[in-house]
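Close look at the chain arrangement
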Protein chains: 2
Amino acid sequence: MKNAKISNAVIKRLPRYRRYLIELRKKGVEKISSKEFSNLIGYTASQIRQDLNNFGGFGQQGYGYSVDGLYDEISAILGLDKEYRMVIMGAGNLGQAIAKYTHFHKQGFKVCGVFEISPNLIGKDLDGIEIMDYENIVEYVEEEEIDIGIICVNQNNAQEVADKLSFAGVKGIWNFAPTDIEVPKHVALENVHLSDSLHSLAYHMNDIQKKDQSKEKAKKEE
Amino acid sequence: MKNAKISNAVIKRLPRYRRYLIELRKKGVEKISSKEFSNLIGYTASQIRQDLNNFGGFGQQGYGYSVDGLYDEISAILGLDKEYRMVIMGAGNLGQAIAKYTHFHKQGFKVCGVFEISPNLIGKDLDGIEIMDYENIVEYVEEEEIDIGIICVNQNNAQEVADKLSFAGVKGIWNFAPTDIEVPKHVALENVHLSDSLHSLAYHMNDIQKKDQSKEKAKKEE
C-alpha cells in the first residue's frame, strides 16, 4: 500500500465505493470494469482508476476489478476489518437515537455505553445499553478499551467533553454538537454538522427557485 | 447579489461563518476584520475575503465587517430569513430523534408531521407531532405547503419515498438513508451519510496509528 499522501477527497469517496460494492456482492456480481462502475456510481471511469490507484490499484488490464477483492481491500484501507468500541456522550434525543441505531453495530461499530450528567437519566437502560455517570468516563474508556467517543451534548459542553475523552485515551471523536471542537493531534476527528447540512439544503432550494424565476421572467420578455 | 456561479465549497462554508457570527453577536462584538475572523474560524484572511466577495463583499476598507450586517446577509443568502415546513419520512429511531430535536425548530425549520407505513406507529404522538399514514403523504404535502422531506426510512425504500415526495411537490429532500438517491432537477438534495462519516473516522484513526508506528520504528532503528 502506497498510501503516503492521500487526499481527504479520495478518503471521503471510499465509503461510497464500498457501499456500491456491497450492492454488487448482494447481486452476485463478481467483476466490474471501471466503465461499468462509472455508470453505476456516477464518477468518471478515469476518476475511479485514479482513486483506486492511490492504493496500489487492484484492477487487472482487460479484466476489471474483482468485486470481492476490491471490497476487502477498501474495507481494510478504511480499517473496517476490525471492531470498534464506542461510547456516546449525552443521552438526549440524538444520543438515544444513535445508541438504538443498529446499523452501525452491524458494521462493526459497537456502542458499549452512554454517559450523562443528568441524575434523571443515569442508571436507566437504552435497549440494553446502560446510561452511566459522566464522572466515570475516564476510568471506563481505559478499562473497556474504548476507541471512539461520540459527542451528542450541547454546543456549550462539547469542547469540555472532547478534552475529557482525549485525556481518557480515545483514538477518535465523532462530533454531532453544532460547534467546532479542537482535539490533540493523536486523536482523529469527524464532524456531523446537521444544521450546516440543513442550511446548505435551504440554499440550494432557494437557488433552484431563483433560477426558475429568472427563466420565467426571460420567457415573458421574449 | 452577484451569485451567478458560486462553488459548492463556498456554500458549504457559509453555515460555518454564520455559526461564528452568532457567537460574536452573543458576545456583543459589533465588527470584525478578516484577520480577526481568520484567527477565530481557521480559514486564511484572504480566503475569507474571497468567499465573502462572491456575494458582493460586505466589508469596508479599514473597518472590517459589521457582525450584524454580515450575519443578516449570510442568513438571507442561505434563505434562513424565512420559515421552512418539513415532514419526516419514517418514525424509527432516527426519525423520532429528528422529530424531537428542537434545535432545528429554533432555526426556522419546523417539523409538521411524521409519516410511517407501520400500523403500530401510525396515530401515535411524538412530543406533539402526529405520526401519520404514509398513504396520505401527497395530500398532506400539498395542503400543508411542505417545503422539505426528511428521509429516515431504510435504504431499500429510500428511492420510492424520494419519488413520492418529489411528486408531491417538496422543494428539497434531506436524505439520511445510507444510499444514494436520485431526484428531479427542480428538487434540491442534501445527504447525511452517517456511515460514510464513521468510516472516514475509522480511516483517519488508523492513519494516525500507522504514522505513529512508523515513527516509533524509525526511532528504534536510529
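Numbering of residues begins from 1 in every chain and follows the order in which that chain's sequence is written. The naming scheme follows written order: chains are lettered A onward, ligands numbered 1 onward. For this predicted model, a pLDDT threshold of at least 70 governs which residues receive local features, and a threshold of 80 or more governs which side-chain atom pairs are given and counted, while totals over whole chains, interfaces and linings are taken from all residues. Based on all heavy atoms of the structure, the side-chain values leave hydrogens and waters out of the count.

**Section: the UniProt feature "domain: CoA-binding" (unreviewed entry) in chain A**
For clarity, the cut-off: UniProt positions are given in the numbering used here, feature names are shortened, and annotations may be inferred rather than shown by experiment. Each helix is a run of DSSP H or I of at least 4 residues and each strand a run of E of at least 2, with the numbering of both proceeding from the N terminus.
In this structure's numbering, the residues bearing the UniProt feature "domain: CoA-binding" (unreviewed entry) are residues 79-180 of chain A. Within the segment residues 79-180 of chain A, helix and strand shares are 30% and 28% respectively, and the terminal C-alpha atoms sit 25 Å apart.

**Quick notes on the pairing of strand β6 (residues 129-133) of chain A**
Residues and elements named next belong to chain A. Note the following rule: By the convention used here, strands pair only if DSSP detects at least 2 bridges between them.
In terms of strand pairing, strand β4 (residues 109-116) meets β6 through 3 bridges, oriented parallel. When the bridges of β6 are listed, V114 appears paired with I131. Relative to β6, strand β5 (residues 125-126) is paired through 2 bridges, and the arrangement is antiparallel. Considered in β6, the bridge of D125 is made with E130. The hairpin turn running from β5 into β6, its antiparallel successor, is 2 residues long, and D127 in that turn takes a positive phi close to 45°.

**Digging into the relation of the copies chain A and chain B**
Note the threshold: All copies are superposed by least squares; the fitting set is the C-alpha atoms of residues with a pLDDT of at least 70 in both.
In screw terms, the move from chain A to chain B is a rotation of 180° and a rise of 0.0 Å along the axis, fitting with an RMSD of 0.0 Å. What we have between these two chains is a two-fold relation. When each C-alpha of chain A is compared by its distance to the rotation axis, A:A97 comes out closest, at 2.9 Å.

**Remarks on the interface of chain A and chain B**
To keep things clear, this is the line we draw: We call two residues contacting when some pair of their heavy atoms lies within 4.5 Å. The term buried area denotes the loss of accessible surface (1.4 Å probe radius) that occurs when two parts are joined, taken as the sum for both partners. When a carboxyl oxygen of Asp or Glu is within 4 Å of a side-chain nitrogen of Lys or Arg, the pair counts as a salt bridge.
At the junction of the two partners, chain A supplies 63 residues and chain B supplies 63 residues. Roughly 5700 Å² is buried in total at the junction of chain A and chain B, and carbon and sulfur atoms are behind 59% of that figure. The three residues of chain A that bury the most area against chain B are A:L198, A:H199 and A:Y203, which together make up 12% of that side's buried surface. For the pair chain A and chain B, the interface holds 6 salt bridges. A salt bridge links A:R19 to B:D196, with the nearest nitrogen and oxygen atoms 2.8 Å apart.

**Topic: the domain arrangement of chain A**
Much of the literature gives interface size as the accessible area that the parts lose upon coming together. Keep this limit in mind: Domain start and stop points were drawn from an automatic or database domain assignment.
Per the domain assignment, the segments making up chain A are domain 1 (8-76) and domain 2 (84-191). Of note, the centres of domain 1 of chain A and domain 2 of chain A, computed from C-alpha atoms alone, are 33 Å apart.

**Here's the deal with unusual backbone geometry**
Leaving glycine aside, a negative phi is the common case for residues, and trans is the common case for peptide bonds. Our working rule: Relative accessibility thresholds used throughout: buried, under 20% of the residue-type maximum; exposed, over 50%; partly exposed, between the two (1.4 Å probe, protein chains only).
Backbone geometry at A:E145 places phi at a positive 50°, although glycine is not the residue there. Examined against the element boundaries, A:E145 turns out to sit in the loop between α7 (137-143) and β7 (148-151). Residue classification places A:E145 among the exposed positions, given a relative accessible area of 60%. Unusually for a residue other than glycine, B:D127 sits at a positive phi of about 50°. Summarising the element assignment, B:D127 is placed in the loop between β5 (125-126) and β6 (129-133).

**Notes on the UniProt feature "DNA-binding region" (unreviewed entry) in chain A**
Annotation from UniProt places "DNA-binding region" (unreviewed entry) at residues 16-55 of chain A. Counting secondary structure, residues 16-55 of chain A comes out at 70% helix and 5% strand; the distance between its end C-alpha atoms is 16 Å.

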